[in-house]
Amino acid sequence: MSFEVYNALLPVVLLLVQAWKGSCHPQCLDYKPPFGPRQPLGFCKEYSKFGCCDLEEDEAISSKFYNIMSSFDHSGFTTCGKYIRSILCQECSPYAAHLYDAEDANTPMRLLPGLCRNYCLDYWHQCRYTLSLLLEDQGNAQHIYNMTAALEEDSKLFCDFLELKDTQYCYPNVLSNEELNANLGSVRADPEGCLELCLEEVANGLRNPVAMIHADDGSHRFFVAEQLGYVWVYLSNGSRIDRPFLNLTEAVLTSPWAGDERGFLCIALHPRFSTVKKAYVYYSVSVKKQEKIRISEFTLSAHDDNQLDHTSERTILEVVEPASNHNGGQLLFGHDGYLYIFIGDGGRAGDPFGKFGNSQNKSTLLGKVLRIDVDDNDDGAPYSIPSDNPFVREKDSKPEIYAYGVRNMWRCSIDRGDPLTGSGRGRMFCGDVGQNKYEEVDIIVKGGNYGWRAKEGFSCYDRKLCQNSSLDDILPIFAYPHKLGKSVTGGYIYRGCQMPNLNGLYIFGDFMSGRLMSLKEDAQTGEWQYNEICMGRDQTCRFPKLINSYYKYIISFAEDEAGELYMLATGAASATAKAGVIYKIVDPSRRAPPGKCSVKPSPVKIKGKLIHFHPKEEFVIDKKPTTTPVPTTTIRTTTTTRKPQSPRKPAVYKPPIYKPPPPTRKPKPKLTTVPPTTRAQSTRPTRKPSITTLPPTTAQATKAAPVPSPDTGRPTGAPAVPTIMSTVRTSSQASDRTGPTRGRGVLTTASPRTVQSPLFTTTPLSGTSPRPAYWDPKPTPSLHKPTRTATDSPQTAPKGDKVRLGEKLADTRESNQIFKKPRRRGQRRGKKLRAGTVRLVSMDGLPDRGRVEVYIRGEWGSVCDDLFSRTAGTVVCRQLGYSSALAVMKRAILGAAEDSVKILLDNVECSGTEDTLLGCKRSKVGVHNCSHKEDVGVICGY
């Protein structure tokens with residue numbers, strides 16, 4: 001071994017002295033959960049049932065394998081083929097992210113999967129000279145050949161380069177580990193059996209969001225109602241129309257005090273809304289100082305498809321409320337086309353009205369489930385009675401009654417049915433709030449008596465009524481005591497496409513305790529099995545856009561047009577507090593195969609302006625490990641001043657086709673002309689990083705997501721848990737391998753190859769999530785290795801184009817990465833730029849990420865990272881044609897400018913509505929106290 005090569009490899013060996021034991025979760029190299037391929041794989045067959053490759057990727061791996069193996073004679077193919085195949089197929093492993101070290105942000109992604117020591121030694125003894133073939137598409141082939149030659153002659157260096165120190169997850173141990181593979185692909189449960197799910201924030205700043213519905217018209221927009229009386233329209237891309245769909249704030253009876261059950265409580269659109277353009281609302285109103293429940297009908301505006309005609313209100317039904325609580329508040333259209341109305345028992349404790357209470361009295365509408373027909377009502381009565389209602393012919397009974405004996409049903413839903421068999425279709429689930437001991441979940445059937453006030457849950461409340469043999473009540477499918485929660489919020493049966501593991505799972509919650517729960521029906525016995533839901537810990541939620549904390553007060557659940565589930569919650573249970581958030585429920589253990597859940601939303605004509613969505617919660621991949629106490633935060637409010645605009649013609653919003661985005665690790669290579677070779681040319685783009693040099697990674701501190709206190713309901717800081725993820729993709733490079741034939745009669749020749757290879761880096765998740773996961777007053781210690789700090793000294797980057805094998809940051813543990821020095825992108829020429837124009841200068845020439853530079857006073861300059869937030873990053877990204885900033889990278893992580901470049905902006909604070917950074921609050925141009933070590937970078941996305 002030459003002295004120069006030895007010196008290049010010495011840092012690698014030193015870095016491998018320490019072993020790393022990491023917490024792992026099934027994850028692919030595109031930072032998404034594994035899946036079951038829609039078609040069986042032909043090459044990497046061991047991952048046909050569950051893994052990270054579809055048929056297209058499998059065929060690309062097969063092509064690369066045969067491309068490599070064309071260098072071998074028959075004996076070499078027989079001897080080494082099994083090793084080459086196994087190594088290549090690890091991209092399809094459910095644990096690919098761990099095998100390639102993609103989960104650890106302190107290290108670049110490995111070029112080859114991590115092997116177990118014994119397997120590596122066997123590989124070295126049998127086929128050590130194949131290493132350069134596996135790596136030849138990573139850069140200059142001659143350099144690769146020279147460096148791998150040193151490794152191939154020393155078994156220790158060879159396996160230091162390839163070994164994964166985690167003996168549980170290295171290949172092939174990961175295949176035989178029973179603990180890992182026992183429930184692979186199933187919803188992950190913690191040691192106490194709590195199902196670990198994650199959330200994605202989709203809307204915020206709402207005032208007690210009580211309902212979210214969809215029009216079922218192909219637009220995939222959804223309508224969100226606030227208790228105060230507003231209903232807002234959200235488009236499929238997450239943006240909100242600035243004009244309310246409905247504004248009943250002047251008529252709705254409510255108050256700002258926490259816990260007021262009155263207000264705007266529900267909205268339902270006609271099941272044929274695209275043709276019968278009517279909506280129905282349920283709200284509290286005061287008429288001559290008498291409180292009432294009002295059910296009204298509105299028609300759609302003739303001039304705006306996203307606004308109701310406020311003058312068209314027609315009262316369908318009014319019911320006097322003897323007290324201000326127990327108002328019910330659910331409207332549903334069943335699969336039979338009838339409107340179902342769920343009304344509470346009238347309020348107060350114990351339903352004290354009359355001899356048996358309102359709920360058991362069928363001569364009143366209180367404490368009932370009603371069913372009415374609102375079709376063909378334009379020229380007559382506001383509704384008619386379905387002829388098969390159960391009590392139509394019973395004396396002294398209200399004909400509208402469909403079921404009775406309910407206390408205060410809060411949030412009901414209708415099962416869409418199993419997507420394949422249709423099983424369960426049409427079942428109606430409701431959460432019925434209890435008195436002082438039990439909360440219950442019921443399935444509503446025609447004519448059913450649900451027991452209140454005789455029974456509360458499964459137990460007797462009024463013993464005299466409970467012992468009445470004529471009660472004949474229907475028992476709940478589940479009831480829980482008040483030690484788990486004191487106010488049930490009914491949910492939905494999951495029937496969506498994106499999370500196949502959740503199919504058939506009834507997900508619901510509790511408003512007071514903030515507990516998320518689930519029920520699963522046993523098909524054999526018909527019994528419902530209970531499992532608590534908690535937020536995923538460790539690596540479980542370390543996926544893009546996911547969070548693992550939420551506001552305590554769970555108000556409602558919802559289902560979008562595609563059947564995906566959402567949770568509506570708030571940190572302050574007041575109709576005037578802008579603390580409401582809508583979360584999408586996500587299962588990180590398994591996803592649908594790519595392309596299966598694609599939808600194409602129909603265009604929506606927009607009048608007014610769109611307010612783009614900006615998440616406020618902290619993504620798990622952005623969280624920084626901490627051992628400090630949770631900080632207290634307050635509800636954030638933003639005051640924006642907008643310039644007056646002239647009236648515009650209606651715009652047409654054309655939503656994007658919602659397909660799972662192609663893995664960023666598999667870009668399509670550009671076609672290049674290469675000289676003829678003795679073996680087939682592989683056109684498969686690799687997912688491994690090219691020969692690239694990265695600047696030192698520095699942990700980024702982010703603000704904790706505000707969450708409510710379990711005692712006061714006031715928001716407090718969530719436990720901060722990991723740092724930022726940087727996804728960096730390198731440009732395609734052509735390899736010029738023409739090295740000599742070697743391999744003791746095994747190898748023949750090697751051919752050039754064109755590749756385009758991405759590089760991923762992430763940060764390990766640390767700490768644990770409390771149950772429920774919305775507060776934790778105690779410090780959360782880090783369970784993992786520390787992230788790099790600003791005081792850590794990085795290794796000196798190689799100069800020019802010199803390649804170093806295995807060079808990494810000083811606190812890493814693995815070795816098979818290769819870097820090259822980035823080149824600075826030049827300025828645009830021949831184009832007059834306006835002040836405030838921005839660009840991203842990427843070390844790899846990528847358009848969607850890089851150092852932020854701004855054009856001011858005729859020159860380009862950088863921006864200091866002081867106070868620079870994701871909101872400011874989004875201002876930059878929108879200028880460049882992207883919808884938002886995925887991450888803001890501080891301390892020059894995405895590259896520092898040269899000394900000749902001035903720092904033009906500092907202390908930049910944006911509200912998000914500015915056109916350029918010059919419109920943001922900031923220091924004067926050129927005034928700063930920074931260095932280029934604090935240049936800010938941005939990663940943009942859609």
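Source: prediction; values computed, not measured.

### Some thoughts on the overall build of the protein chain
Per the secondary structure count, the protein chain includes twelve helices and 45 strands. Taking all contacts inside the protein chain whose residues are at least 6 apart in sequence as the whole, residues at least 24 apart take part in 68%. Looking at the protein chain as shown, the accessible area adds up to about 38,200 Å², and 51% of this sits on carbon and sulfur atoms.

### So, the packing of helix α2 (residues 55-69) against helix α3 (residues 74-89)
Put simply, α2 and α3 touch, their axes get as near as 10 Å, and they point 150° apart. Between α2 and α3, the angle falls in the class roughly antiparallel. For α2 against α3, the interelement crossing comes out right-handed. Residues I61, K64, F65, Y66, I68 and M69 of α2 form the contact with α3, whose own contacting residues are G76, F77, C80, G81, I84, R85, L88 and C89. The residue inventory of the contact of α2 with α3, partitioned by class, reads ten nonpolar, two polar and two charged.

### Let's talk about the state of the cysteines
Across all of its chains, the model carries 14 disulfides by this definition. With no disulfide of its own, C266 lies closest to C412 among cysteine sulfurs, the gap being 9.1 Å. The exposure class assigned to C266 is buried, which follows from its relative accessible area of 3%.

### Structural notes on the pairing of strand β24 (residues 528-535)
For strand β1 (residues 195-206) and β24, the ladder comprises three bridges, and the chain directions are parallel. Bridge pairing in β24 places L197 opposite M535. What sits between the antiparallel neighbours strand β23 (residues 516-521) and β24 is a turn of six residues, in which G526 has the positive phi angle 80°.

### As for the pattern of salt bridges
Going through the model one piece at a time under the given rule, you end up with 35 salt bridges. Note that R117 and D160 form a salt bridge whose closest N and O atoms lie 3.0 Å from each other. Here R117, found in helix α5 (residues 117-127), pairs with D160, found in helix α8 (residues 155-162); they are 43 residues apart in sequence, far enough to count as distant. Taking the relative accessible area as the measure of exposure, R117 reaches 24% and is therefore partly exposed. Taking the shortest distance from any N to any O, the salt bridge between E318 and R294 comes out at 2.7 Å. Taken together, the residues span a long stretch of sequence, with E318 in strand β10 (residues 314-320) and R294 in strand β9 (residues 290-299) at a distance of 24 residues. A relative accessible area of 15% means that R294 is categorised as buried. Members of the salt-bridge network, linked through shared partners, are R117, K156, D160, E163 and K165.

### Topic: the pairing of β9
Counting buried residues in β9 gives seven out of ten residues, a clear majority hidden from the surface. Relative to β9, strand β8 (residues 278-287) is paired through ten bridges, and the arrangement is antiparallel. Directly across from V287, in β9, lies its bridge partner Q290. Where β9 meets β10, six bridges bridge the pair, whose relative direction is antiparallel. When the bridges of β10 are listed, S296 appears paired with T315.

### Brief notes about the sheet that holds strand β7 (residues 264-269)
The strand order across the open sheet built from four strands is β7-β8-β9-β10, with neighbouring strands paired in antiparallel fashion. The sheet is open, and its two edges are formed by β7 and β10, each paired on a single side. If you compare each strand with its neighbour and ignore which way they point, the axes differ by 20° on average.

### Here we look at the sheet that holds strand β14 (residues 401-404)
The strand order across the open sheet formed by four strands is β11-β12-β13-β14, and the pairing between neighbours is antiparallel. This sheet does not close on itself; its edge strands, each paired only once, are β11 (330-333) and β14. For this sheet, the mean inter-axis angle between neighbouring strands, taken without regard to orientation, is 20°. In terms of strand pairing, β11 meets strand β12 (residues 339-343) through four bridges, oriented antiparallel. Residue pairing across strands places L332 opposite Y340, the latter belonging to β12.

What counts, and at which threshold
Residues numbered from 1 in each chain as written. Predicted model: local features only at pLDDT ≥ 70, side-chain atom pairs only at ≥ 80, totals over all residues. Heavy atoms only, no water. Helix = DSSP H or I, 4+ residues; strand = E, 2+ residues; numbered from the N terminus. Contact = heavy atoms within 4.5 Å. Areas by Shrake-Rupley, 256 points an atom, 1.4 Å probe, with all protein chains shown as cover. Axes fitted to C-alpha atoms, helices over the stretch in contact; angles between N-to-C directions. Parallel < 35°, antiparallel > 145°, perpendicular 65-115°, else oblique. Left-handed = near helix turned anticlockwise from the far one by under 90°. Nonpolar A, V, L, I, M, F, W, Y, C, P; charged D, E, K, R; others polar. Disulfide = S-S within 2.5 Å. Buried < 20%, exposed > 50% of the residue type's maximum accessible area, 1.4 Å probe, protein only. Pairing = 2+ DSSP bridges. Salt bridge = Lys/Arg side-chain N within 4 Å of Asp/Glu carboxyl O.

The quantities given are spatial measurements derived from coordinates; they are silent on function.
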